[in-house]
Amino acid sequence: MVAHVGLISLTSCFSPLSRLPRLSSTKHKPFAMAAMNEDPVRQWILSEGKATKITNISSIGGGCINLANRYDTDAGSFFVKTNRSIGPSMFEGEALGLGAMYETGSIRVPKPFKVGPLPTGGSYIIMEFIEFGSSRGNQSVLGRKLAEMHKAGKSEKGFGFDVNNTIGSTPQMNTWSSDWIQFYGEHRLVYQLKLALDQYGDSTIYEKGQRLVKSMGPLFDNVVIEPCLLHGDLWSGNISSDKNGEPVILDPACYYGHNEAEFGMSWCAGFGGAFYNGYFEVMPKQPGFEKRRDLYMLYHYLNHYNLFGSGYRSSAMSIIDDYLRMLNA
């Protein structure tokens, strides 16, 4: 079956969501905003897109938040997402993440071309159209290509990203930090724990989670942690392959972090032995990898708890309790 790149992000295995980043200063080149006119998408395609005519526009999905269309032209095809109520900051954040991954020259991602406002309100993003193949591709190649991205995508600013973005519809804070344990504890785990306390009054998971955050340092003993560019929301719905079988990843929630954090959604990604073997050929496994694996899953289980309700609480609580026993905390 042929699918198309750019469909609305699905951060849960079941529920469609989109990302709404909050923009701040960025080291990446900002994507210039289109002038307000009747159809800025058509205008860009017929000028900077180097097309002289648009031969067909077809809807290829989307969801409750974004609309998605394929624009066929005499200069090739473009993928366009539009949102009628949210301003350009959402797509600007997506473009920055895609652009950062694209610049590593490693794994294939759709190249972003243009972000701008719609004249009647809302916004759009134009990006490369990638026609998907019939499968997710070779798991070993996916692992190796992902590791190449992690190896190439480095930051001198430390851990974080130049914009805050979202994981699903939950804000994801990316304030720069030189300390990974502090960054992950404060901006990932504690942020989610506070949401659970505010939303559900769940003082048990909040208090136990805080104990874990204060005690988790030994899990990182003898580990070299460098800021690596992460996709940030790597589950099966955001992984595909092109017609040549090369892996493609899309709909990111990018930031620079410990490479192992990329596997936090592995419970919903279908990574097998071939994937990890390919990955570790490029980025060798570090001591204690298995002991940290659930710590990185905890962030996503907490996020699913906050987004989708109590069905995910037991998984998060079990991870916290196991670590508290392990660490005698």
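Below is a short write-up of the structure. (Residues numbered from 1 in each chain as written. Predicted model: local features only at pLDDT ≥ 70, side-chain atom pairs only at ≥ 80, totals over all residues. Heavy atoms only, no water.)

**Side note on the pattern of salt bridges**
Opposite charge on two side chains permits them to pair, given that their charged atoms come into close proximity.
Working step 1: Taken as a whole and assessed by the stated rule, the structure comprises 13 salt bridges.
Working step 2: A salt bridge links E128 to R108; its shortest N-O distance comes to 2.7 Å. Linking E128 in strand 5 (residues 123–128) with R108 in the loop between helix 2 (89–103) and strand 4 (112–117), this pair joins segments that are 20 residues apart in sequence.
Working step 3: Across the pair D322 and R325 runs a salt bridge, and its minimum N-O distance is 2.4 Å. One end of the pair, D322, and the other, R325, are both in helix 8 (residues 313–326), three residues apart, so they sit about a helical turn from each other.
Working step 4: Here D322 falls in the partly exposed class, since its relative accessible area comes to 36%.
Working step 5: By sharing partners, the salt bridges in this structure join K81, E94 and D251 into a single network. (Salt bridge = Lys/Arg side-chain N within 4 Å of Asp/Glu carboxyl O. Helix = DSSP H or I, 4+ residues; strand = E, 2+ residues; numbered from the N terminus. Buried < 20%, exposed > 50% of the residue type's maximum accessible area, 1.4 Å probe, protein only.)

**What to know about unusual backbone geometry**
Working step 1: The phi dihedral of K50 is positive, around 65 degrees, even though this residue is not glycine.
Working step 2: Along the chain, the position of K50 falls in the loop between helix 1 (40–45) and strand 1 (54–62).
Working step 3: Phi is positive for D251, close to 50 degrees, though the residue is something other than glycine.
Working step 4: Inspection of the secondary structure puts D251 in the loop between strand 10 (247–249) and strand 11 (255–257).
Working step 5: Taking relative accessible area as the criterion, D251 reaches 4% and is therefore assigned buried.

**Notes on the packing of helix 4 (residues 180–200) against helix 5 (residues 203–215)**
Working step 1: Two elements in contact, helix 4 and helix 5, have axes whose closest approach is 8 Å; the angle formed by their N-to-C orientations is 165 degrees. Between helix 4 and helix 5, the crossing angle belongs to the class labelled roughly antiparallel. The two elements helix 4 and helix 5 meet at a crossing, and its hand is left-handed. Residues G185, L189, V190, L193, K194, A196 and L197 of helix 4 lie in contact with helix 5, whose contacting residues are S203, I205, Y206, G209, Q210 and V213.
Working step 2: Residue composition of the contact of helix 4 with helix 5, grouped by class: eight nonpolar, four polar and one charged. (Axes fitted to C-alpha atoms, helices over the stretch in contact; angles between N-to-C directions. Parallel < 35°, antiparallel > 145°, perpendicular 65-115°, else oblique. Left-handed = near helix turned anticlockwise from the far one by under 90°. Contact = heavy atoms within 4.5 Å. Nonpolar A, V, L, I, M, F, W, Y, C, P; charged D, E, K, R; others polar.)

**Some remarks on the environment of S155**
Working step 1: Tracing the sequence through the fold places S155 in the loop between helix 3 (139–152) and strand 6 (165–167).
Working step 2: The class for S155 is buried, based on a relative accessible area of 12%.
Working step 3: Taking C-alpha positions, S155 is 7.8 Å from L229, a pair spaced 74 residues apart along the chain.
Working step 4: Non-local contacts of S155, meaning those with residues more than four positions away in its chain, are made with W176, P227 and Y256.

**A look at the packing of helix 4 against helix 7 (residues 289–308)**
Working step 1: Two elements in contact, helix 4 and helix 7, have axes separated by 9 Å at closest approach and are oriented at 25 degrees. Overall, the two elements helix 4 and helix 7 adopt an arrangement that is roughly parallel. At the point where helix 4 passes helix 7, the crossing takes the left-handed sense. Together, W180, Y184, R188, L189, Q192, L193, L195, A196, Q199 and Y200 of helix 4 and L295, Y296, L298, Y299, L302, N303, Y305 and N306 of helix 7 make up the contact between the two elements.
Working step 2: Broken down by class, the residue content of the contact of helix 4 with helix 7 amounts to 13 nonpolar, four polar and one charged.

**Observations concerning helix 2**
Working step 1: Between the first and last C-alpha of helix 2 there are 21 Å, a value that for 15 residues agrees with the 21 Å anticipated at 1.5 Å per step.
Working step 2: Here helix 2 lies mainly inside the structure; twelve of its 15 residues are buried.
Working step 3: For helix 2, the full list of buried residues reads M90, F91, E92, G93, E94, A95, L96, G97, L98, G99, A100 and M101.
Working step 4: The secondary structure elements touched by the buried residues of helix 2 are strand 3 (76–83), strand 4, strand 5, helix 3, strand 8 (228–230) and strand 10.
Working step 5: Directly after helix 2, the chain includes G105, whose backbone phi takes a positive value near 65 degrees. (Expected span 1.5 Å × (residues − 1).)

Geometric descriptors of this kind do not, in isolation, establish any biological role.
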